[in-house]
Amino acid sequence: MTPDNLKTDFDEIFKGIIIPFFKDLGFRRKAQHFSRQTNDITQCFTVQKSQWNSYNDSLSFTFNLGFYNEEIRTLSLGRELPTNFPKTTDCFIYDRLGSYSHKCDHWYELSKRVDRTKVAGQVKSDLEKYLKPLFEEYKSLDDLKRYSERNTGFLLSPYGKIVFLMMTDQMERGKQLIKEQHKLALTPQMTTQIINYPDGRKEEKKSKPYINQYYVDHIERLARHYDIEL
């Protein structure tokens with residue numbers, strides 16, 4: 001199978017299944033990103049191709065999803081960074097659809113060893129069976145309180161989680177998290193670097209313990225914002 005065939009196969013799935021799916025649900029599209037405003041959040045979805053795609057032998061892609069709120073982003077960053085089309089990388093909650101459809105980080109693969117129609121069928125099934133109900137259930141910050149309680153594997157920055165808790169009337173949990181994160185931020189940490197040499201040797205280098213002042217400053221800024229004594 002030639003590279004053109006693999007790209008054509010992907011384009012057929014993207015244009016024939018993915019775009020119509022999101023169009024029917026009222027999502028906007030920009031390239032391979034989709035977003036839909038619902039109440040006080042924006043639901044986001046991205047089709048991500050593997051950076052290791054050779055296009056000669058295989059083409060892999062996965063699905064990212066997330067939930068965005070501009071106030072949470074502003075307070076988390078400590079500055080305004082508005083966007084009229086949020087992407088999954090802007091979201092305060094971020095996950096992979098594979099966490100629900102396959103219970104793992106799942107990648108779809110197109111290759112000469114795989115029947116494209118089976119991949120297309122799997123994509124359509126996963127979007128309908130797993131993503132659609134997910135986006136129908138979680139349409140507001142209040143809905144996402146349940147999401148955060150049910151899903152422990154999703155990615156949420158400490159700053160975003162603090163702001164999320166405070167904005168959804170979970171004040172005591174938010175205060176506790178700020179104090180826990182401040183204590184952690186003041187604890188010296190080490191970083192480890194693995195160096196691979198041409199002759200096959202590996203060397204592990206550890207840094208001296210240090211305090212991440214950026215981390216400390218951000219936690220203390222949030223504590224001041226919410227009038228929490230550390």
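The preceding data block contains the structure.
Per chain, residue numbering runs from 1 following the sequence as it is written. The predicted nature of this model means local features are confined to residues of pLDDT at least 70 and side-chain atom pairs, given and counted, to a pLDDT of 80 or more, with totals for whole chains, interfaces and linings taken over all residues. Calculation of side-chain values draws on the structure's entire complement of heavy atoms; hydrogens and water are dropped beforehand.

**So, the overall build of the protein chain**
Our working rule: The secondary structure listing takes helices from DSSP runs of H or I that are at least 4 residues long and strands from runs of E that are at least 2 residues long, numbered from the N terminus. Only protein chains enter the accessibility calculation, which uses a 1.4 Å probe. A residue is then buried if its area is under 20% of the maximum for its type, exposed if over 50%, and partly exposed in between. Any two residues having at least one pair of non-hydrogen atoms within 4.5 Å are treated as being in contact. Surface exposure here means Shrake-Rupley accessible area, sampled with a 1.4 Å probe, where a residue is shielded only by the protein chains that are shown. Charge assignment in this entry is limited to Lys and Arg as positive and Asp and Glu as negative, and neither His nor the chain termini are counted. One atom stands in for each charge, and that atom is NZ of Lys, CZ of Arg, CG of Asp or CD of Glu.
Each helix and strand counted, the protein chain has eight helices and eight strands in total. The dimensions of the protein chain, computed from C-alpha atoms along their principal axes, are 60 × 55 × 30 Å. In the protein chain, buried positions account for 42% of the 230 residues. Here the analysis covers contacts within the protein chain between residues at least 6 apart in sequence; of these, 61% occur between residues at least 24 apart. When the accessible surface of the protein chain is summed, it comes to about 13,300 Å², and 48% of that surface belongs to carbon and sulfur atoms. Each charge sign in the protein chain was given a centre, from 36 positive and 32 negative side chains, and these centres are 3 Å apart.

**Overview of the pattern of salt bridges**
The condition is simple: By definition here, a salt bridge exists when the distance from a side-chain nitrogen of Lys or Arg to a carboxyl oxygen of Asp or Glu is within 4 Å.
On inspection of all chains with the given rule, the structure shows 12 salt bridges. In this structure, K145 engages D142 in a salt bridge whose closest nitrogen and oxygen atoms are separated by 3.9 Å. On the criterion of helical spacing, the pair formed by K145 and D142 is a turn pair, its members being three residues apart in helix 5 (residues 141-150). Of the charged contacts in the structure, one is a salt bridge between E172 and K175, with a shortest N-O distance of 4.0 Å. Here E172 and its partner K175 are both found in helix 7 (residues 171-185), three residues apart, which amounts to about one turn of the helix.

**Here we look at the packing of helix 2 (residues 70-77) against helix 6 (residues 158-167)**
Heads up, the rule is: Angles shown run from 0 to 180 degrees and are taken between the N-to-C directions of axes, each axis being a line fitted to C-alpha atoms and, for helices, limited to the stretch in contact. Relative orientations are named as follows: roughly parallel for angles under 35 degrees, roughly antiparallel for angles over 145 degrees, roughly perpendicular for angles from 65 to 115 degrees, and oblique for any other angle. Working rule for handedness: look at the near helix, and if it is turned counterclockwise from the far one by less than a right angle, call the crossing left-handed; if clockwise, right-handed. Throughout this entry, Asp, Glu, Lys and Arg are counted as charged residues, while Ala, Val, Leu, Ile, Met, Phe, Trp, Tyr, Cys and Pro are counted as nonpolar. The remaining residues, Gly among them, count as polar.
For the pair helix 2 and helix 6, interaxial distance at closest approach is 9 Å and the crossing angle is 130°. In terms of their interaxial angle, helix 2 and helix 6 are classed as oblique. For the element pair helix 2 and helix 6, the recorded crossing hand is right-handed. Seen from helix 2, the contacting residues are E71, I72, L75 and S76; seen from helix 6, they are Y159, G160, V163, F164 and M167. Taken together, the residues of the contact of helix 2 with helix 6 sort by class into six nonpolar, two polar and one charged.

**Some remarks on the environment of S76**
Applied cut-off: Distance and chemistry together define a polar contact, namely a pair of N or O atoms within 3.5 Å, with one atom able to donate a hydrogen and the other to accept it when in protein, and with adjacent residues in sequence counting only for side-chain atoms on both sides.
Of note, S76 is situated in helix 2. Sequence separation between S76 and V114 is 38 residues; the distance between their C-alpha atoms is 43 Å. Beyond its immediate chain neighbours, meaning those up to four positions away, S76 contacts Y159, G160, V163, H218 and R221. For S76, the side chain forms a polar contact with the main-chain oxygen of I72, separated by 2.6 Å.

**As for the layout of surface pockets**
As a reminder, the rule being used: Cavities and pockets were defined on a 1 Å grid built from protein atoms only: a cavity is a group of points that admits a 1.4 Å probe but offers it no way out, a pocket is an open group of points flanked by protein on both sides within 12 Å along at least five of seven lines, and a lining residue is one with an atom within 4 Å of any such point. Grid points are joined across faces, edges and corners, and a volume is the space filled by probe spheres set on the points.
Of the pockets and cavities examined, the largest pocket occupies roughly 240 Å³. Those elements giving two or more residues to the lining of the largest pocket turn out to be helix 2, helix 6 and helix 8 (213-225). Per-element accounting of the lining of the largest pocket gives the leading share, four residues, to helix 2. The residue inventory of the lining of the largest pocket, partitioned by class, reads nine nonpolar, five polar and two charged.

**Some words on the environment of D57**
Positionally, D57 belongs in the loop between strand 3 (41-49) and strand 4 (58-68). Among the residues examined, D57 registers a relative accessible area of 44% and is labelled partly exposed. As for D57 and T42, which are separated by 15 residues in sequence, their C-alpha atoms are 37 Å apart. Those residues within four positions of D57 in sequence are excluded, and the remaining contacts are L6, L110, S111 and K112.

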